Amino acid sequence: MSGNEPFESVPMAFDHPDQAISLSQALLAPRIVIEDAGPVLDGGAFAAKAISGQPVQASAKVYSDGHDRLAVMLYWRQAHSRRWHAVPMQSPGNDLWLAEFTPTELGLHLFSIEAWIDPFATYCYDLEKKYAAGVDVTLELEEGRQMLGKGIERSDGLLHEQLLEIQQRLPSLAPHEQVAQLLDADTARLMNEAEHRSYLTRSREFPLDVDRPAAQFASWYELFPRSVTDSPERHGTFNDVHTRLAAIRDMGFDVLYFPPIHPIGKQHRKGRNNALQAGPDDPGSPYAIGSAEGGHDAIHPQLGSREDFRRLVLAAAEHGLEIALDFAIQCSQDHPWLKEHPGWFSWRPDGSIRYAENPPKKYQDIVNVDFYAPDAVPGLWLALRDVVIGWVEQGVKTFRVDNPHTKPLPFWQWLIANVRSQYPEVLFLAEAFTKPAMMARLGKVGYAQSYTYFTWRNTKQELREYFEELNQPPWNQCYRPNFFVNTPDINPFFLHNSGRAGFLIRAALATMGSGLWGMYSGFELCEAAALPGKEEYLDSEKYEIRPRDYTAPGNIVAEIAQLNRIRRQNRALQTHLGVVFLNCWNDQILYFAKMTPARDNIVLVAISLDPHNAQEANFELPLWELGLDDTASTQGEDLMTGHRWAWHGKTQWMRIEPWHQPFGIWRIEKMR
């Protein structure tokens, strides 16, 4: 950098702003105001989120007394680096200043905003106005030569020579040529480099957490490895999962997620349909982690060996699939930690251990650790961190975390930062269905993604309000929604009786609504058998081995594959951001556009929310986004079929028949 480094003048902070300040404090206080900087979370207490290789839009309100022109600069760097990058900020007006920068490395970054009064810019602004108005600028030209002289005095090397050349050339020029030279952009650039930055003011440093692109755009497929078998009497293995990789890839998924793969306890093992007593052949819930064979760092023996797992990770990668593991901080009553570290758990007065409950649900096969037990700090925290790192070293870079909202926030803030300081490519998905403040806070403390309320948003108003909420601060800076359409725990009421069309509706909402979506195995077969009156699966796979025929009639495999293909081919669909709801005069049809900032990719999505009846509506094309008037012609393309046509005018008509396809996905472009 040339001129003053951005650390010479820092705004003063007063501990008690309601108290009068002294004269000495006032004289040292910044004259320039920098406020409302963004992207900033909670005043900089937490890092806003960004994606490697994608531009970050920075902004701030910057102003000062008087009419002098300001110069504003954005600085940014990796947190572990001392090298700052700089980019000038520009103002569209009303004291708002904007700049864009693109981080390319992963991990924590910092950015700061610096402003100073720019005498030469002020001079040029006044000179241009006076000259344009026909005012005699003889004195102003002399003033400009003097300012050049001061710049020369403050510079050396090439900068000194370039400014001196301009100053020496000026007397030989006609007055109008002198004005042109002083107002020239190169002159302004050179004088800016020589500027001593009067009343230099710098904001605090704000954190920015940069993730790899999979934190924002990925398609998840959940699979129980033990169910990849041809018989419920034969336990599936990692080697069996190899046979499913090509089909999962061909459906367009890039993350293959396994529930816990660790040894399963036998004490209080649950039977089928969550029965309190297990039969001799019942495999138990994989969430009852731990047995004599090991705990969270071990593999269930019937799944295979550690070498089998590593081979599966490599084979999945060859198919474009990343293996994600479940990180569930809970133990069966057979977990080795109960004997090795009894002080990590809560015990009742009679010496029995307190099992997990979520009234009215009881989990007798599971016990929870006590994060703040005297014997648990710091040993438990370090052991859990080491579990994560151990699986990272086996090739796992993504973790779905079970019920993180029931564990201490300081633990997550420490663990995620600690792991990512060593492996910045690691991502954590929060399986948190809880209150909004907690869900947002989990994003703030480091989670790259989260499960959402999407599962329970069904009406047009509910969906619109939720999509728009996720596009607004603070959610759009700290929270990336992963729209799972179902889970082993959640069989949504909407799917119970909506048939094949209902599954296609939810798949379209998820794939088009967010860059992140996921589904649990069986969704593609439209499995919906439920426990009466509950959002739970009958014959839940959590408690039994379930082979499937993935070619069964009525499956939606082809439609899912095409939806994922459309996502990959359209950048507007690779994030939950950029959604714009458009007029469609039918409350049973959700109609919105997803657009890139440059409007070079605009996708229109119309989804009938009625799985049983045909729905019709007039709707509007967003011609204004293409810079067209209301009578213009545009080109439409059905992205499910490839059919193309011409639209004429803004208002159009649609009919959606759920027995054919309960949605329409169209790309709109100017006529070629």
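Residues numbered from 1 in each chain as written. Predicted model: local features only at pLDDT ≥ 70, side-chain atom pairs only at ≥ 80, totals over all residues. Heavy atoms only, no water.

Under an unreviewed UniProt entry, the name given to the chain is Alpha-1,4-glucan:maltose-1-phosphate maltosyltransferase, and the source organism is Pseudomonas farsensis. Under Sequence similarities (unreviewed entry), UniProt gives the following word-for-word description of the chain: "Belongs to the glycosyl hydrolase 13 family. GlgE subfamily." According to the UniProt record, the Catalytic activity (unreviewed entry) comment for the chain is "alpha-maltose 1-phosphate + [(1->4)-alpha-D-glucosyl](n) = [(1->4)-alpha-D-glucosyl](n+2) + phosphate". (UniProt positions renumbered as here; feature names shortened; annotations may be inferred.)

## Thoughts on the side chain of Gln-652
Here Gln-652 shows up in strand β27 (residues 651-656). On the basis of relative accessibility, which here comes to 14%, the residue Gln-652 falls in the buried class. A polar contact is formed between the side chain of Gln-652 and the backbone oxygen of His-648, at a distance of 3.1 Å. In terms of polar contacts, Gln-652 uses its side chain to reach the backbone carbonyl oxygen of Gly-649, at 3.0 Å. (Helix = DSSP H or I, 4+ residues; strand = E, 2+ residues; numbered from the N terminus. Buried < 20%, exposed > 50% of the residue type's maximum accessible area, 1.4 Å probe, protein only. Polar contact = N/O pair within 3.5 Å; in protein donor to acceptor, adjacent residues only side chain to side chain.)

## As for the sheet that holds strand β21 (residues 579-581)
Adjacent strands of a sheet pair through backbone hydrogen bonds, lying either parallel or antiparallel. Strands sit in the order β21-β22-β23-β28-β25-β26 across an open sheet of six strands; the sheet is antiparallel. Every interior strand has two partners, whereas the edge strands, β21 and β26 (644-648), have only one. With direction set aside, neighbouring strand axes in the sheet form an average angle of 30 degrees. Where strand β22 (residues 589-595) lies against strand β23 (residues 602-608), seven bridges are found, and the strand directions are antiparallel. Directly across from Met-595, in β23, lies its bridge partner Ile-602. The sheet strands contacting helix α16 (residues 499-513) are β22, β23 and β28 (663-670), and the helix crosses β23 at an angle near 155 degrees. (Pairing = 2+ DSSP bridges. Axes fitted to C-alpha atoms, helices over the stretch in contact; angles between N-to-C directions. Contact = heavy atoms within 4.5 Å.)

## Concerning the pattern of salt bridges
If you walk through the whole model with that rule in mind, you get 41 salt bridges. Between Arg-385 and Asp-386 there is a salt bridge, with the nearest N and O atoms lying 2.7 Å from each other. For Arg-385, a relative accessible area of 16% gives the class buried. According to the relative accessible area criterion, Asp-386 is partly exposed, its value standing at 44%. A salt bridge links Arg-655 to Glu-657; the nearest nitrogen and oxygen atoms lie 2.8 Å apart. Bridged by salt links that share partners, the residues Asp-209, Asp-211, Arg-420 and Arg-480 form one connected network. (Salt bridge = Lys/Arg side-chain N within 4 Å of Asp/Glu carboxyl O.)

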